[in-house]
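Report on the structure
Listed below, chain by chain, are the residues.
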Amino acid sequence: MASVDGLVQRIDEPEEDDDGTEVYDIVDDLVASRDAALLPALEAHLDRYLGEGNFFARDAIATALARIAGVESLPVLLHTAARDLGDDQDGLSAEILDLVEGAPVRARHILTQLRADPKVRAKAMWAAQFLPDR
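It should be emphasised that the depicted structure is a prediction, and the values quoted were computed from it without experimental measurement. (Residues numbered from 1 in each chain as written. Predicted model: local features only at pLDDT ≥ 70, side-chain atom pairs only at ≥ 80, totals over all residues. Heavy atoms only, no water.)

**Points about helix 8 (residues 121-128)**
Every α-helical turn comprises 3.6 residues, leaving residues that sit three or four positions apart pointing alike. Those residues of helix 8 not exposed but buried are Ala124, Ala127 and Ala128. Buried residues of helix 8 fall within an arc of 100° about the axis and therefore sit on the same side. Of the surrounding elements, those touching the buried residues of helix 8 are helix 5 (74-81), helix 6 (90-102) and helix 7 (104-114). (Buried < 20%, exposed > 50% of the residue type's maximum accessible area, 1.4 Å probe, protein only. Helix = DSSP H or I, 4+ residues; strand = E, 2+ residues; numbered from the N terminus. Arc of directions from axis to C-beta. Contact = heavy atoms within 4.5 Å.)

Pasting the structure below:
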């Protein structure tokens, strides 16, 4: 059975020939559990990896958060996206767009609130571009 600890261990101590597939297999198992009790631990590890500048770990954890919590994870993901780690953020951006497109009514409400936060305003405005017209 997959666990957040197992995910973190695989991220921190990758096998020599691991191309990231094993990490995302664990993410898939965590997502399949739909266990919201995992969210605080995932968020804590996300914060640690952001501090370390580890964009691979950021993307893996963000994927698990997005797919377990759904659109309610937008605030965390947009705060995450506001931290520039020097990469293209393709994976993280895709998760954000999937959430916005998958639950546009709720996403619109969340993004409107987030525009008031100067730390994430630019990212919230970017994500809002992908909302369908009312």
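**Observations regarding the packing of helix 3 (residues 39-52) against helix 4 (residues 55-69)**
Two packed helices can be described by the angle between their axes and the distance between those axes. Closest axis-to-axis distance for the helix 3/helix 4 pair is 9 Å, and the angle between their directions is 155°. With respect to helix 4, the axis of helix 3 lies roughly antiparallel. When the axes of helix 3 and helix 4 are compared, the crossing they make is left-handed. Listed contacts from helix 4 to Leu39, Leu42, Glu43, His45, Leu46, Tyr49 and Leu50 of helix 3 are Ala57, Arg58, Ile61, Ala64, Leu65, Ile68 and Ala69. (Axes fitted to C-alpha atoms, helices over the stretch in contact; angles between N-to-C directions. Parallel < 35°, antiparallel > 145°, perpendicular 65-115°, else oblique. Left-handed = near helix turned anticlockwise from the far one by under 90°.)

**As for the packing of helix 1 (residues 4-12) against helix 3**
Close contact between helix 1 and helix 3 brings their axes to 10 Å; oriented N to C, the two are set at 20°. As far as their axial angle goes, helix 3 and helix 1 are roughly parallel. For the element pair helix 1 and helix 3, the recorded crossing hand is right-handed. Counting all contacts with helix 1, which are made through Val4, Leu7, Val8, Ile11 and Asp12, the residues of helix 3 involved are Ala41, Leu42, His45, Arg48 and Tyr49. Among the residues forming the contact of helix 1 with helix 3, the class breakdown is seven nonpolar, one polar and two charged. (Nonpolar A, V, L, I, M, F, W, Y, C, P; charged D, E, K, R; others polar.)

Read these as geometric descriptors, not functional statements.
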